[in-house]
Amino acid sequence: MAINMLSLKEVEACYQKGIKILQSISLGVSPEDIMCLIGPNGAGKSTVLKAIMGLVNVENGSITLNGEDITNSKANRIMRKGISYVPQGRTVFPEMTVWENLRMGGFILKDKNEVEQRIEQIYEMFPILKDYRNRKAYTLSGGEQQMVEMGRVLILDPKYMLIDEPSLGLAPKFRRMIFEKIKALNQQKNIGILMVEQNAVQGLEAADFGYVLDMGKIRFRGSGVELLEDKRVRQLYLGGGDARKTN
Amino acid sequence: MSLEVKGVVKDFGGIRAVDSVSFQTAKGAITGLIGPNGSGKTTLFNLVTGFLPIDEGEIWHKGRRIDGLTLHQVVELGIIRTFQITRIFPKLTVLENMLVPTRDNSLWHLVSNPKKGGRPEKALRLLESIGLATYMDDPAASLSYGQSKLLELALSFMVEAEIVLLDEPSSGINPSLQASINQWIKEENSQGKEFFIIEHNMDVIMSLCHHIIVLHHGQKLAEGKPSVIQQNDQVLEAYLGD
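For clarity, every value in this text was computed on a predicted model and none was experimentally measured. (Residues numbered from 1 in each chain as written. Chains lettered and ligands numbered in written order. Predicted model: local features only at pLDDT ≥ 70, side-chain atom pairs only at ≥ 80, totals over all residues.)

Draft legend 1. Structural context of the overall build of chain A. Across its full length, chain A holds ten helices and ten strands. The C-alpha radius of gyration computed for chain A amounts to 18 Å, which stays within 12% of the reference 18 Å derived for 247 residues, consistent with globular compactness. Once the C-alpha set of chain A is aligned to its principal axes, its extents read approximately 50 × 40 × 30 Å. Looking at chain A as a whole, 47% of its 247 residues qualify as buried. Taking the intrachain contacts of chain A between residues at least 6 apart in sequence as the baseline, contacts between residues at least 24 apart amount to 66%. (Helix = DSSP H or I, 4+ residues; strand = E, 2+ residues; numbered from the N terminus. Rg over C-alpha atoms; globule rule 2.2 N^0.38 Å. Buried ≥ 20, exposed ≤ 12 C-beta atoms within 10 Å, placed from the backbone. Contact = placed C-beta atoms within 7 Å.)

Draft legend 2. Examining the interface of chain B and chain A more closely. Chain B puts 29 residues into the contact, and the matching count from chain A is 27 residues. Looking at the side of chain B that touches chain A, the elements with two or more residues in it are helix H6 (145-156), helix H7 (178-190), helix H8 (202-208) and helix H10 (233-240) of chain B. Among the elements that take part in the side of chain B that touches chain A, H6 of chain B stands out by supplying four residues, more than any other.

Draft legend 3. Layout of the packing of helix H3 (residues 98-105) of chain A against helix H4 (residues 112-125) of chain A. Residue and element names in this part refer to chain A. Taken N-terminus to C-terminus, the directions of H3 and H4 make an angle of 120°; their axes are 10 Å apart at the nearest point. Considering the angle they form, H3 stands oblique to H4. The two elements H3 and H4 cross, and the hand of that crossing is right-handed. Residues Trp99, Leu102 and Arg103 of H3 form the contact with H4, whose participating residues are Val115, Ile119 and Ile122. A class-by-class count of the residues in the contact of H3 with H4 yields five nonpolar, no polar and one charged. (Axes fitted to C-alpha atoms, helices over the stretch in contact; angles between N-to-C directions. Parallel < 35°, antiparallel > 145°, perpendicular 65-115°, else oblique. Left-handed = near helix turned anticlockwise from the far one by under 90°. Nonpolar A, V, L, I, M, F, W, Y, C, P; charged D, E, K, R; others polar.)

Draft legend 4. Quick peek at the pairing of strand S2 (residues 20-29) of chain A. Residue and element names in this part refer to chain A. Here strand S1 (residues 6-14) runs beside S2; their pairing, made up of six bridges, is antiparallel. When the bridges of S2 are listed, Ser7 appears paired with Gly28. What sits between the antiparallel neighbours S1 and S2 is a turn of five residues, in which Gly18 has the positive phi angle 95°. (Pairing = 2+ DSSP bridges.)

Draft legend 5. Focus on the sheet that holds strand S9 (residues 209-214) of chain A. Residue and element names in this part refer to chain A. Strand order in the open sheet made by the six strands is S6-S7-S8-S3-S9-S10, with mixed pairing throughout. Lying at the two open borders of the sheet, with one neighbouring strand each, are strand S6 (83-86) and strand S10 (217-223). Each strand axis lies, on average, 15° off the axis of its neighbour in the sheet, ignoring direction. Bridge analysis of S9 against S10 gives six bridges, and the strand direction is antiparallel. By the bridge assignment for S10, Leu213 is matched with Ile218. Where helix H6 (residues 142-154) meets the sheet, it contacts S6 and strand S7 (160-164), and its direction lies at approximately 160° from that of S6. Sitting on the sheet, helix H7 (residues 172-189) touches strand S3 (34-38), S7 and strand S8 (192-196), and the angle it makes with S8 is about 155°.

Draft legend 6. Representation of unusual backbone geometry. Although it is not a glycine, Asp157 of chain A sits at a positive phi angle of roughly 50°. Considering the arrangement of structural elements, one finds Asp157 of chain A in the loop between H6 and S7. Owing to 15 C-beta atoms within 10 Å, Asp157 of chain A belongs among the partly exposed residues under this scheme. Despite not being glycine, Lys62 of chain B shows a phi value in the positive range, around 50°.

Draft legend 7. Quick peek at the domain arrangement of chain B. All names here are of chain B. By the assigned domains, chain B splits into domain 1 (1-78 + 162-242) and domain 2 (88-160). Placing a centre on the C-alpha atoms of domain 1 and another on those of domain 2 gives a separation of 26 Å. Of the residues lining the interface, eleven residues belong to domain 1; the matching set on domain 2 comes to nine residues. Mapped onto the side of domain 1 that touches domain 2, the elements with two or more residues apiece are strand S7 (163-167) and H7. In terms of residue count, H7 provides more of the side of domain 1 that touches domain 2 than any other element does, four residues in total. Grouping the constituent residues of the side of domain 1 that touches domain 2 by class yields seven nonpolar, three polar and one charged. (Domains from an automatic or database assignment.)

Draft legend 8. Region of interest: the environment of Met195 of chain A. Residue and element names in this part refer to chain A. Structurally, the position occupied by Met195 is in strand S8. Owing to 25 C-beta atoms within 10 Å, Met195 belongs among the buried residues under this scheme. Spatially, the C-alpha atoms of Met195 and Lys45 are 9.1 Å apart, while their sequence positions differ by 150 residues. Once you skip the residues sitting within four places of it in the chain, Met195 turns out to touch Cys36, Ile163, Pro166, Ile182 and Gly203.

Structure representation (structure tokens):
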């Protein structure tokens, strides 16, 4: 097994005993990778991310980080080990300023100077957040709030970032911007990305590698390009037709 | 003409979210509302449906002034909506959720026999076509985010309404279901139901809408037929990018 890697091996997970949401999921992400999970609603995509973060019970199989077993560890311990998670939907603290939101991301860090330094680095990555640092988060647009969410988890200087539907609810222009930021995080900061996308075409275009999940199992895997060109994948999961035409 | 919005203004603290917006929707049409994030689209929906009071201007529906009406009065006029963030009843089953808007909603009926009444055949047909029929008897809380969105959308098709306002019906929905969702919208529209749709998926907007209104910074930037909007330089710059 590769050492520098986040790996899932035959993972089975459930919310309720007896109802397996994930069935024998095996996949791996290295810090060089952008991975994209696509599939129908209810396929188990978000559950894969939650299983890694210890937010859903893994009944069988194992999750390892650089060879160390982290299966069913607590979320805060997993974050300390270098895996950050941006959940689905808008999750900023709406009444807090941008700066306060970013500081919340460093809640588990004791050294507050360190938090401030990291916030400065995040401002370099997302200059608009510096301009808006004193604005309450709810006054920001959807795309800007998504940047706050990404910035907030970067405070912990993660090696891996799990992102659930980063483009959800974003206008076409902002959607492209967010995917570009994700690519930049991967290329410049060497952060391995595992994202879930319903905007499957753009997600796969941004990704090095993709997995198609359906009914809790991996049905297809391949490079982003391979999946986009696969007729069955297009028909079943990308809405048929010429998938690349979308927006 | 169906809805008429005249010089409507809405401020939040020091921020003008909707700035003197005026437009009309044609009776029985599918009207699209697009614009960058933060341009005031959802706020406009909140104003039309009475979720928020307007600060200035007027809103009319079929010759009747509706700004200032309460939420339920607006609903009684046949104007209903869905939300970006879903609002379903988590402890009711998927099927029960579907039947809530279609039946005698007295408290007694709700507690005595929640599955009786309404139009279960239509509910089942809708659930079938979005792949939720297998979860019919599960509590809605057990659905994923995308599935809850689908349920809420399906639910809006259960209501007898004149105008349905859909807030981003395709976000978080797998593209393979888009064709069936478009089909429902077209079907219901052909029977006279009017739609007013916020959407970021341009394929959906361009293929469904008869007329499109574009908002930017709370103001109306443009309006017109899909083919005209697609060529509008200001819209390309502000919204579509590149």
